[in-house]
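Structural description and commentary
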Amino acid sequence: MVFKQLLRVACVASLSVLAIAVVSAFPLFEEMALTANRLAHHPTNLPSQAHALLAWVQVYKMELTFGMFLTLGVLTFALFILDREFRAHLQYKLSTSIDQRRFMMTDPALLQKIRLSRIGFMIALVAIFILITVTYQSYRNQLIVQFFALGVFLFNISGTYFFGSLKRAGQMERLVNRLNLYHQNKDEAQEKLVQADKRLQRQTASLAYLASHLNKQTSSQLFYQALIKQSAETLSVARVSVWMYSADKQQLVCEALYELKTQAYTQGQVLVANDFPHYFDALKQARVVVADDVYQHSATQDFVVDYFPSQQIGALLDATIWHDDEMIGVICHEHVGPAREWTLDEQNYAGSLADLARLTVELHRRQKVETDLVEHQENFEDMLKTRTASIESNAKLFRFLVERAPVTILYMNAANEIIEMNPEAERITGYSRDYAIGRTYQSLFVPEGMTGEHEALSSDVFFGNKIQGQEMLIRRADGSTTELSISRSMELDAEGNPVIISIGQDISQQKALEASLIKAREAAESADRIKSMFVASMSHELRTPLNSIIGFLGVVLQGMSGELNVKQKDQLGRAYASSKHLLSLISDVIDISKIEAGFLETHQMTFDIKEVMHDVSHAVQHLVIERKLNLQIECPEGITLDSDRKRLYQVVLNVVSNALKYTEKGHVSVKVIPLPEQLEIVVADTGIGIDEAGLAKLFKPFERIDSRLKIKTLGTGLGLYLTHKILTLLLGGSITVNSKVEQGSTFTMRLPYQMPEVEAGKLVNILEGQ
Ligand code: ADP
């Protein structure tokens, strides 16, 4: 080290000597000195100030040189002082800053002073060097010049020494500063580590606390509240909340929200997906949404206009809750204040909270399934008990019914062997239950010669058909037979084996009764027919002489047997009218008797309904004129019927005559309406009408309804009865009436286009039914 210093000093010294030698010997400097001298004495080419300055330097060269040396001395001393100060400062730094890990910059004022001294020193040194060079020639004694060169040399040495020292100190300082910087970074990193460690400890403790509360007893709501409170305190976040998706994933509903400042909980707020599309999308894509600055993050753009400014929220940390690969909710941390950098451990902590929330959801779902299961099991057991009880009581009831049933009940297996039979079966067949069980149905009950029928019945049942009320003869224990109405089917028993159940009702008495009834009915029918035939033939016998009476009365009334006086004419007229009335009565009676006896002959033919209407209109013309009424007949063209023309004419005539007879003023209308299946004939009048009681007996024989026209109007009370019979029994039609007293009546007749074929026998049956 010392050697190095000495080498340096030697170098500087030799350089200085070389400089002086060059100055004193080099012709260029010699030339420079001469030129300067000449310029000082011949100043024509120079500006006057420069000339004056050079002249002044030549004159005061000695004073200037000494002045310079003095300045250099002062500066050297200053550098010495500064060097000491600088070193002391560095020493202090090395002893304090490094140990205490503190960084301190070098005093800028000191550095400034060093810089200025250096510049001053260099300037002074260069100036003195130039001064000596310029004034070199003018010194008479060159020894002075050599003294000056020595001075320069000494100052150069001392300057070099102090500059070197200061440079080294500066290097040292930079080194120390770098060291300090390194320590400072290390300290900061260590501080960060300590902080992170503390945070981690807090987070771990909080997670452990929450995990210990994660059990069936804590409701989801309470757990969420604990979770958000812990989180708010651990992360120092102003608001923490848990939100769950609605079933359609279109809404987030707040389950719980905790505010650190007020320590209060709220819930029930709703976020709709359509209002916050960016936010809902972002949640779907990340496990944790980390918005250090909510105003910069894309996920939180939906809230920047209103919500964040109003709540002063600067940062947001959201952890989504997943269950079965499906997002079910989110835990939301809202930081009030400026932007906040969420550390990795904080993000992980939020993720762990979401996991805990998922666990509680799973736990409660599983718990619900378990309670449901227990409940179902209990319900099932209850149901089983009730069912068993009801089956038992049903079985009792069933046994009771089987034992008391007034029908025979047999259970047989697929081979037709008796498994069980009831007391009624024992009673009717005469076999005891013990005897019958195990024997085949065929061996016990099938009478001789009837094996075929019984076999057919059995195989029918075997192939799954149900036999209902089949009448069969069966053999009894004593060899006699009885008739049963048998219903039989095949069912499966509890073990799934086929069982044949055969129920028999003893119909022997019923059959005997039926036989006697048929006999009685046949007797009654033939008697009735004979009576009807008698009435019909009697009436026929009456009609022949009556026709002749009417004929002769007509001849007499027309005056063919001589002139009649007024009285005779009146009396004979009455007799004539009464005879006619009697004839119509007899005709009706004959018709009714024939219908009832089943012998009314029909004449089916094809005809146009319009013709029938025309005939009716013609026949009642005298009544229309007599009663001054208006008769309107509406009948479409070309409607043909295949029916009994005469009977239809009779029916329509009767109804239209009645309408005219029981109408005092107004009109009677007849409308023929062709319906798809039937022809409708509606006869409406504006007559006296029929009351409720009258309507009830309208179609009964010999019923004439009380009215003010009853006396005035001739009638038998058989017309509508016969009409009804002909329409319903012969023509296959119907007649209905609608009437109001003093407002008129409407008779509606309907008949098919094609008359049905009615057999005499069938007609008798129909009549029996009446
Ligand atoms: P009658 O020969 O007396 O007319 P019907 O059997 O034809 O016998 O009629 C029975 C009764 O029904 C009649 O006596 C009459 O009182 C009542 N009647 C029938 N048609 C009409 C009608 N269009 N308006 C009012 N009453 C009627």
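The text that follows walks through the structure, step by step, so that each part is easy to find.

Tallying each qualifying case throughout the model produces zero disulfides. The thiol of Cys254 is unpaired, and the distance to the nearest cysteine sulfur, on Cys332, comes to 9.1 Å. For Cys254, a relative accessible area of 2% gives the class buried. Under the relative-accessibility criterion, Cys332 is labelled buried at 6%.

This paragraph deals with unusual backbone geometry. The phi dihedral of Asp325 is positive, around 60°, even though this residue is not glycine. Despite not being glycine, Glu742 shows a phi value in the positive range, around 65°. One can find Glu742 in the loop between β18 (734-740) and β19 (744-752). For Glu742, a relative accessible area of 48% translates into the label partly exposed.

This part is about the pairing of strand β17 (residues 678-685). Two faces make up the sheet, and in a regular strand the side chains alternate between them. When you tally the buried positions in β17, you get six out of eight residues, the bulk of the element. Here strand β16 (residues 667-674) runs beside β17; their pairing, made up of seven bridges, is antiparallel. Across the sheet, the residue bridging to Lys671 is Val682, located in β17. Between β16 and β17, which follow one another and run antiparallel, lie three residues. Bridge count for β17 against β19 is seven bridges, and the pairing is antiparallel. In the sheet register, Ala684 faces β19, and the bridge partner there is Thr746.

Now for the packing of aromatic side chains. Evaluated as defined, the whole model comprises 14 aromatic pairs. Ring geometry for Tyr431 versus Phe445: centroids 5.5 Å apart, planes at 85°, classification edge-to-face. Of the two residues, Tyr431 is situated in the loop between α11 (423-429) and α12 (433-436) and Phe445 in helix α13 (residues 441-445); the sequence distance between them amounts to 14 residues. Overall, Phe445 belongs to the buried group, its relative accessible area being 2%.

Turning our attention to the side chain of Ser206. Looking at where Ser206 falls in the secondary structure, it is placed in helix α6 (residues 142-212). Relative accessible area serves as the criterion here: at 2%, Ser206 is assigned to the buried category. Filtering out sequence-adjacent residues up to four positions away, Ser206 remains in contact with Gln230, Thr234 and Tyr349.

By size, the foremost hydrophobic cluster in this structure holds 46 residues, and its most contacted members are Ile609, Leu648, Val656, Ile681 and Val683. At the level of secondary structure, the elements contributing two or more residues to this core comprise α16 (566-597), α17 (609-619), α18 (621-626), α19 (645-661), β16, β17, α21 (719-730) and β19. Those residues in contact with Ile609 that sit more than four places away from it in its chain are Cys635, Ile639, Leu641, Leu648, Val672, Leu679 and Ile681. Ranked by size, the runner-up nonpolar core spans 28 residues in total, among them Leu210, Ala232, Ala319 and Ile331.

Let us look at the site of the ligand. Near the ligand there are 21 residues, and of these Asn658, Asp685, Arg704, Thr716 and Leu720 occur at the shortest range. The side chain of Asn658 places a nitrogen or oxygen atom 2.8 Å from an oxygen atom of the ligand. Between Gly719 and the ligand, the recorded distance is 3.2 Å, taken from a backbone N or O atom to an oxygen atom. For the ligand, whose free accessible area comes to 530 Å², the fraction covered by protein is 97%. Contributions of two or more residues to the shell around the ligand are made by α19, α21 and β19. Per element, the largest residue contribution to the shell around the ligand is four residues, and it comes from α19. When the residues that make up the shell around the ligand are grouped by side-chain class, the tally is nine nonpolar, eight polar and four charged.

Calculation notes
- All chains use their own residue numbering, which begins from 1 and follows the written sequence.
- Owing to the predicted nature of the model, reporting of local features is limited to residues with pLDDT of at least 70; listing and counting of side-chain atom pairs is limited to 80 or more, with chain, interface and lining totals taken over all residues.
- With hydrogens and water set aside, each side-chain value is computed from the structure's full complement of heavy atoms.
- The disulfide criterion used throughout: a pair of cysteine sulfur atoms within 2.5 Å.
- Only protein chains enter the accessibility calculation, which uses a 1.4 Å probe. A residue is then buried if its area is under 20% of the maximum for its type, exposed if over 50%, and partly exposed in between.
- Secondary structure follows DSSP: runs of H or I at least 4 residues long count as helices, runs of E at least 2 residues long count as strands, and numbering of each begins at the N terminus.
- When DSSP finds two or more bridges between two strands, those strands count as paired.
- Aromatic pairing here means that ring centres of Phe, Tyr or Trp (its six-membered ring) are within 6.5 Å. Orientation follows from the plane angle: under 30 degrees is stacked, over 60 is edge-to-face, and everything else is tilted.
- Contacts are assigned to residue pairs that have any heavy atoms within 4.5 Å of one another.
- Grouping buried Ala, Val, Leu, Ile, Met, Phe, Trp, Tyr and Cys residues that are joined through side-chain atoms within 4.5 Å yields what is termed a nonpolar core.
- Each residue is tested against the molecule or strand, and it is near if at least one of its non-hydrogen atoms lies within 4 Å.
- Pairs of N or O atoms within 3.5 Å make up the polar contacts considered here, provided that, within protein, one atom can donate a hydrogen while the other can accept it, and that residues adjacent in sequence are counted only when both atoms are side-chain atoms.
- Note on areas: Shrake-Rupley, 1.4 Å probe, and residue coverage restricted to the protein chains presented here.
- Side-chain classes are defined by residue name, with Ala, Val, Leu, Ile, Met, Phe, Trp, Tyr, Cys and Pro counting as nonpolar, Asp, Glu, Lys and Arg as charged, and the others, Gly among them, as polar.

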